[in-house]
Amino acid sequence: MKGTEFLWSQRHFPWRVMETLTAAAPAGSFFPSFLLLACGTLVAALLGCAHRLGLFYQLMHKVDKASIQHGGENVAAVLRAHGVRFLFTLVGGHISPILVACEKLGIRVVDTRHEVTAVFAADAVARLTGTVGVAAVTAGPGLTNTVTAVKNAQIAQSPVLLLGGAASTLLQNRGALQAIDQMALFRPLCKFCASVRRVRDIVPTLRAAMVAAQSGTPGPVFVELPVDVLYPYFIVQKEMVPAKPPKGLVARMVTWYLENHLANLFAGAWEPRPEGPLPLDIPQASPQQVQRCVEILSRAKRPLVVLGSQALLPPTPADRLRTAVETLGIPCFLGGMARGLLGRNHPLHIRQNRSAALKKADVVLLAGIVCDFRLSYGRVLSRSSKIIIVNRNRKEMLMNSDMFWKPQEAVQGDVGSFVVTLAEGLKGQTWASDWAEELRQADRQKEQTFREKALTPVGQHLNPVRVLQLVEEILPDNTILVVDGGDFVGTAAHLVQPRGPLRWLDPGAFGTLGVGAGFALGAKLCRPDAEVWCLFGDGAFGYSLIEFDTFVRHKIPVIALVGNDAGWTQISREQVPCLGSNVACGLAYTDYHKAAMGLGAQGLLLSREKDQVVEVLRDAQQQCRDGHPVVVNILIGRTDFRDGSIAV
């Protein structure tokens, strides 16, 4: 072995040196061979230990002990490079450097009254902008308070970045304040979880998290940022290293370890690094798959399309998707974020009797929607129908296909891009008009039923169907609708139509109560020129009431309509007939409008005087346009769902 080769092997691969020397030793010389092996193992262990302690890295990358920079600035720089405009938070000492740095870089920091609201707001931003929504909360209970919202984002497939504070790297698992195993908590909920252990790792970790949130099937990601990677060197040094010189061997060893740990935390911390977005990995359907779907649909007599939220994901713009759906010319149902894609009263948009329509269709395209409870696990699909399903997530795409339904063609790929390509392949194809007219006739019959319900007298207060019909009539074209509730919101879903694409926000398949204030907050910040109307049940409004303090402090005008029937009525409808008790289902006709006024918002009451409904709603609109958040407390009556109820 040549000299230079020997030195290279000795430096980087010490076990090769041992092999060489052992092979060169005389036969039978066991002890020298064993000694050499032991020495080599020791050298390897020492080198590994030195690497783990960061000693090699510190030789090449120095620590700037005089710098007042901090890790929060690195976080803010990455967020700005990714186009993040808003950071939602509830303040805590663990994350203060992030908040201060974001404010300095022009990222608007919006603090809420509960951490779950911050994540719901980030979720709304993600859905409406097609980018990553960002929330930052403090360690321990600050993070546990977000779990429901993170799970909701996971099921709704929203790209949300949650930044969480944590105890310092040396104090984790040692009983520090608010220190828990946060990674174990969020791994089942997030696509990507990472804990940053050195300041220099902040930038690459956040870039990886941002690309993970948007690639493949979008979803939430979590990055844990211990307090000692966020604060400046001089503060961390003061907290970590003893001020007095050590006495005794053990004390000196401990001090050396702490000083080295500190140096490794900050070595190379402020060196320039790429901060911008990494390329996304978005699955696409193959041309062969698209062609097979073209052939199936071209032979259809009664085709039907069901579009779900995935259809509105980037990179396909909503207007291009709408053009593709119109080019297809196939009647369609719209769900989730796809609501409003075709605007109001479009001839291709069928709104009622979806189950019956699916049974009659001979070809069904499920685009971005899955066979979960919303489609009765696939049982609403006819066995004789040919089913085409397209989804980014293969596991979800094939859900329940082993039991109740079978796809003719299952395509894993981006839904919007698939629909656009499919429309191009079917350009010029037409279908019999009597099929669409049959579906529209069913719509008209259901709408007539609602008109009759609107005239049904109620025992007390207002008829909710009539109120919602009037709401539908006065909503402007720039409205964004946020819905949060059960009975009242279920009725609204049939009667109140979004005015365009990306103008409807509901929790999604998780059915989470409490999304309203957070969604409204994110929506109004993203679309300041839009009117944001929140339709609440009175039960759900209890989660959001305190956030009217947030709306007032941050001057964010929204309109909340609270359908107040003094109960958890959606539950009561089933519980009372089945089990004979209304226990835990009763609420009061609470003065929610007065509570909102106590928080600085405007409050209005609607009760029995039906002729004042439009007048009060117009008043709420005007106050909102004047910059005030408004709560309209609408006292509504109840009827029995089983006997032709008002609510649906």
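Residues numbered from 1 in each chain as written. Predicted model: local features only at pLDDT ≥ 70, side-chain atom pairs only at ≥ 80, totals over all residues. Heavy atoms only, no water.

Draft legend 1. Geometry of the overall build of the protein. A count of helices and strands for the protein gives 27 helices and 17 strands. Taking all 648 residues of the protein together, the buried fraction comes to 53%. Accessible surface, the protein: about 28900 Å² in total, of which carbon and sulfur atoms supply 56%. Averaged over its 66 positive side-chain charges, the protein has a centre that lies 5 Å from the centre of its 54 negative ones. (Helix = DSSP H or I, 4+ residues; strand = E, 2+ residues; numbered from the N terminus. Buried < 20%, exposed > 50% of the residue type's maximum accessible area, 1.4 Å probe, protein only. Areas by Shrake-Rupley, 256 points an atom, 1.4 Å probe, with all protein chains shown as cover. Lys, Arg positive; Asp, Glu negative; His and termini not counted. Charge placed at Lys NZ, Arg CZ, Asp CG, Glu CD.)

Draft legend 2. Inspection of the UniProt feature "domain: Thiamine pyrophosphate enzyme N-terminal TPP-binding" (unreviewed entry) in the protein at higher detail. Here, the residues flagged by UniProt with the feature "domain: Thiamine pyrophosphate enzyme N-terminal TPP-binding" (unreviewed entry) are residues 70–185. With 46% helix and 18% strand, residues 70–185 has its two end C-alpha atoms placed 27 Å apart. (UniProt positions renumbered as here; feature names shortened; annotations may be inferred.)

Draft legend 3. Molecular detail of the pattern of salt bridges. Counting across every chain of the model gives 18 salt bridges. For Arg499, the salt bridge is made with Glu472, and the minimal N-O distance between the two is 2.9 Å. A residue pair is termed long-range when its members are at least 10 positions apart, and Arg499 in the loop between helix 21 (487–495) and strand 13 (504–505) and Glu472 in helix 20 (residues 464–474) qualify at 27 residues. Owing to a relative accessible area of 10%, Arg499 belongs among the buried residues under this scheme. Since its relative accessible area comes to 8%, Glu472 is described here as buried. Salt bridges sharing common partners tie together Asp111, Arg113, Asp549 and Arg553. (Salt bridge = Lys/Arg side-chain N within 4 Å of Asp/Glu carboxyl O.)

Draft legend 4. Structural view of the packing of aromatic side chains. Throughout the structure, instances matching the rule amount to 8 aromatic pairs. When the centroid spacing of 5.9 Å and the interplanar angle of 90° are considered together, the rings of Phe120 and Phe519 count as edge-to-face. With Phe120 in helix 7 (residues 115–129) and Phe519 in helix 22 (residues 516–526), this residue pair connects regions lying 399 residues apart in the sequence. Chaining the aromatic ring pairs together yields one cluster made of Phe536, Phe541, Phe548, Phe551 and Tyr592. Across from the ring centre of Trp504, 4.5 Å away, lies the NZ or CZ of Arg339, which sits over that ring. Note that Arg374 overlies the ring of Phe373, its terminal NZ or CZ placed 5.9 Å from the centroid. (Phe/Tyr/Trp six-rings, centres within 6.5 Å; stacked < 30°, edge-to-face > 60°. Lys NZ or Arg CZ within 6 Å of the ring centre and 35° of its normal.)

Draft legend 5. Inspection of the domain arrangement of the protein at higher detail. When the domains of the protein are assigned, the result is domain 1 (71–266), domain 2 (287–437) and domain 3 (456–635). Every contact between the two is made by 24 residues of domain 1 and, on the other side, 26 residues of domain 3. For the pair domain 1 and domain 3, the two sides together bury roughly 2100 Å², of which 67% comes from carbon and sulfur. Applying the counting criterion to the domain 1 and domain 3 interface returns 2 salt bridges. Among the ionic pairs, Arg553 bridges to Asp111, the shortest N-O distance being 3.0 Å. (Domains from an automatic or database assignment. Contact = heavy atoms within 4.5 Å. Buried area = accessible area lost by both parts, 1.4 Å probe.)

Draft legend 6. Up close: helix 11 (residues 202–214). For helix 11, with 13 residues, the first-to-last C-alpha span of 19 Å sits near the 18 Å given by 1.5 Å per residue. With 11 of 13 residues buried, helix 11 lies mostly within the body of the structure. The set of residues buried in helix 11 consists of Ile202, Val203, Thr205, Leu206, Arg207, Ala209, Met210, Val211, Ala212, Ala213 and Gln214. Structurally, helix 11 contributes buried residues whose contacts are with helix 5 (71–81), strand 4 (160–166), strand 5 (192–195) and strand 6 (221–226). Just past helix 11, the residue Gly216 takes up positive phi, approximately 55°. (Expected span 1.5 Å × (residues − 1).)

Draft legend 7. Molecular detail of the packing of helix 7 against helix 9 (residues 147–156). Helix 9 packs onto helix 7 with a crossing angle of 20° between their chain directions and a minimal axis gap of 9 Å. In terms of their interaxial angle, helix 7 and helix 9 are classed as roughly parallel. Along this stretch, helix 7 crosses helix 9, giving a crossing that reads as right-handed. In contact with Val116, Val119, Phe120, Asp123 and Arg127 of helix 7, helix 9 contributes Ala149, Val150, Asn152, Ala153 and Ala156. (Axes fitted to C-alpha atoms, helices over the stretch in contact; angles between N-to-C directions. Parallel < 35°, antiparallel > 145°, perpendicular 65-115°, else oblique. Left-handed = near helix turned anticlockwise from the far one by under 90°.)

Draft legend 8. Representation of the packing of helix 15 (residues 318–328) against helix 18 (residues 415–425) within the structure. Two elements in contact, helix 15 and helix 18, have axes whose closest approach is 9 Å; the angle formed by their N-to-C orientations is 40°. Between helix 15 and helix 18, the crossing angle belongs to the class labelled oblique. Considering how the two elements wind past one another, helix 15 and helix 18 form a crossing that is left-handed. In this structure, helix 15 uses Arg320, Leu321, Ala324, Val325, Thr327 and Leu328 to contact helix 18, whose residues at the interface are Gly416, Val419, Val420, Leu422, Ala423 and Glu424.

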